[in-house]
Amino acid sequence: HWNVDKSGITEKNYPQIKEAAGLIQAGEVVAFPTETVYGLGGQVKMDSAVQKIFTAKGRPSDNPLIVHIAERDDVDNLAEKIPDYAQKLMDAFWPGPLTIIVPKKDGVLSELVTAGLDTVAIRMPDHPAALAIIKETGIPVAAPSANRSGKPSPTKAAHVIDDLNGRIAGVVDGGETGVGLESTVVDCTGPFPVILRPGGVTQADIEAVAGKVGTESGMKNKEETPKSPGMKYTHYAPEAPLYLIEGTTAQIQQKINELRAEGNKVGVLATEESRSFYAADTIISCGRRADLESVAKSLYGALRSFNEHPVDLILAETFPSEGVGAAIMNRLEKAAGGRWLKKVD
Ligand code: TXA
Ligand code: MG
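Residues numbered from 1 in each chain as written. Chains lettered and ligands numbered in written order. Predicted model: local features only at pLDDT ≥ 70, side-chain atom pairs only at ≥ 80, totals over all residues. Heavy atoms only, no water.

Looking at an unreviewed UniProt entry, one finds the protein chain named Threonylcarbamoyl-AMP synthase, with Domibacillus antri as its source organism. On record in UniProt, under Subcellular location (unreviewed entry), the comment for the protein chain is "Cytoplasm". (UniProt positions renumbered as here; feature names shortened; annotations may be inferred.)

Student: Can you help me understand helix H6 (residues 128–137) in this one?
Tutor: Residues three or four positions apart in an α-helix share a direction because the helix packs 3.6 residues into each turn. Here H6 lies mainly inside the structure; 7 of its 10 residues are buried. Considered for burial, the residues of H6 that qualify are Ala129, Ala130, Leu131, Ala132, Ile133, Ile134 and Thr137. Buried positions along H6 lie against helix H1 (14–25), strand E2 (30–32), strand E4 (66–68), strand E7 (141–142) and strand E8 (170–173). Once H6 ends, the next one or two residues include Gly138, with phi positive near 80°. (Buried < 20%, exposed > 50% of the residue type's maximum accessible area, 1.4 Å probe, protein only. Helix = DSSP H or I, 4+ residues; strand = E, 2+ residues; numbered from the N terminus. Contact = heavy atoms within 4.5 Å.)

Student: I tried to follow the UniProt feature "binding site: L-threonine" (unreviewed entry) in the protein chain on my own but got confused; where do I start?
Tutor: Sequence positions flagged by UniProt for "binding site: L-threonine" (unreviewed entry) are, in local numbering, Thr36, His68, Arg123, Ala143 and Ser183. Look at the named residues: they lie 148 residues apart in sequence, but the longest C-alpha span between them is just 12.7 Å, so in the fold they bunch up. Locating Ala143 in the fold gives a position in the loop between E7 and helix H7 (157–164). Those residues within four positions of Ala143 in sequence are excluded, and the remaining contacts are Phe32, Gly39, Leu40, Gly41, Ile66 and His68.

Student: I'm lost on unusual backbone geometry in this one. Help?
Tutor: With the exception of glycine, most residues fall at negative phi, and the peptide bonds are largely trans. In the segment running from Trp94 into Pro95, the intervening peptide bond is cis, with an omega of -10°. Position of Pro95 relative to the elements: it lies in the loop between helix H4 (84–93) and strand E5 (98–103). One non-glycine residue, Lys81, lies in the positive phi region at around 50°. Its location among the elements puts Lys81 in the loop between helix H3 (74–78) and H4.

Student: Got a minute to help me understand the pattern of salt bridges in this structure?
Tutor: Oppositely charged side chains are able to pair whenever their charged atoms sit close together. For the structure shown, the criterion picks out 12 salt bridges. Salt-bridge contacts for Lys104 lead to Glu111; the nearest nitrogen and oxygen are separated by 3.5 Å. Owing to a relative accessible area of 46%, Glu111 belongs among the partly exposed residues under this scheme. With a shortest N-O distance of 3.3 Å, Glu258 and Lys255 are connected by a salt bridge. Of this pair, Glu258 and Lys255 are both found in helix H10 (residues 249–261), 3 residues apart, which corresponds to roughly one turn of the helix. (Salt bridge = Lys/Arg side-chain N within 4 Å of Asp/Glu carboxyl O.)

Student: Would you take a moment to explain the sheet that holds strand E13 (residues 266–270) for this structure?
Tutor: An order of E14-E13-E15-E12-E16 is seen for the 5 strands of this open sheet, with the pairing classed as parallel. Both outer strands of the open sheet, strand E14 (282–285) and strand E16 (340–341), are each paired with one neighbouring strand and no more. Examined bridge by bridge, E13 and strand E15 (residues 313–317) share 4 bridges and lie parallel to one another. Note that in E15 the partner of Leu269 across the bridge is Ala316. Across the sheet, H10 touches strand E12 (242–245), E13, E15 and E16, and the angle it forms with E15 is around 175°. In this fold helix H12 (residues 325–336) packs onto E12, E13, E15 and E16, with an angle of close to 130° to the strand it touches most, E12. (Pairing = 2+ DSSP bridges. Axes fitted to C-alpha atoms, helices over the stretch in contact; angles between N-to-C directions.)

In structure tokens, the structure reads:
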């Protein structure tokens, strides 16, 4: 567990970066901060290193990993047939919370990274510690979020330790991450970009650069295999079942009262604006509704903190699916596994 000041990489913390990079070079796996969430990094060429990532997380082997790079030139070493619009997206949003899916070059990566697909996911993170570790490693670094599979992604080193202590070589502690939700994943293998996973870079941001943009849900029916294999798994879930609930605070309170009358301990995922309107067993705010970026930043930490309280179920407020709200609702719907409590009239 090494501390690295978020303000940047200095002479004082560089030995820790070098130690982390040395472990990754040697085939170990190390967690480090990015601007989105903490990642669990392993070098992309060694099967045994990539296998350690899957084992530590308990991740299904058919769910491919994102390759993290520090130099734009590395894209050409990893991928081919990169469309113009993808170049524009990289120009506009890298380093930053955007992952592009492009056709991979053969023989460059361990096959385990791409889980047998002929495409590769690539991103350049916007965090001094992540960039320094990748540069120092000298090989691109495969890094999924550093949580046990199915849990909310880690936004603090303490979350990584809760999930992976004893299963990984170490964690570089850069404090709390910025965006708080994972990168936007964009399929760049077709005539126009298609958003497979909404994230910090919004649909409007991508449209402004690339014109027409598709979204996976709008393009595919539910029976088809998802284009992004990770989308089919339940994710981001606290231990108690979570239900999305629509309605006014008074309507939600009525539902809370009914559930408590039936003997349930009820948790509420609220906002700064609404928290004082509820009476329940546990009330946790995930940020300010008036500032959805604050909700993105706090959501996973809020979901995790329910595990410290004895609740039988959690009711979660919903958010408008616009801008970063699309990413927030995507994660909340996954955490709920499709459970909704409809408006109480
Ligand atoms: O912000 C992030 O993206 C974080 C930080 C650590 O960089 N990483 C992250 O990785 O969220 P992970 O493994 O938790 O999510 C990667 C997503 C999964 O849904 C996976 O299925 C999808 O990207 N993916 C990876 N390679 C793909 C490919 N070749 N085609 C389609 N989807 C792919
Ligand atoms: Mg993940």
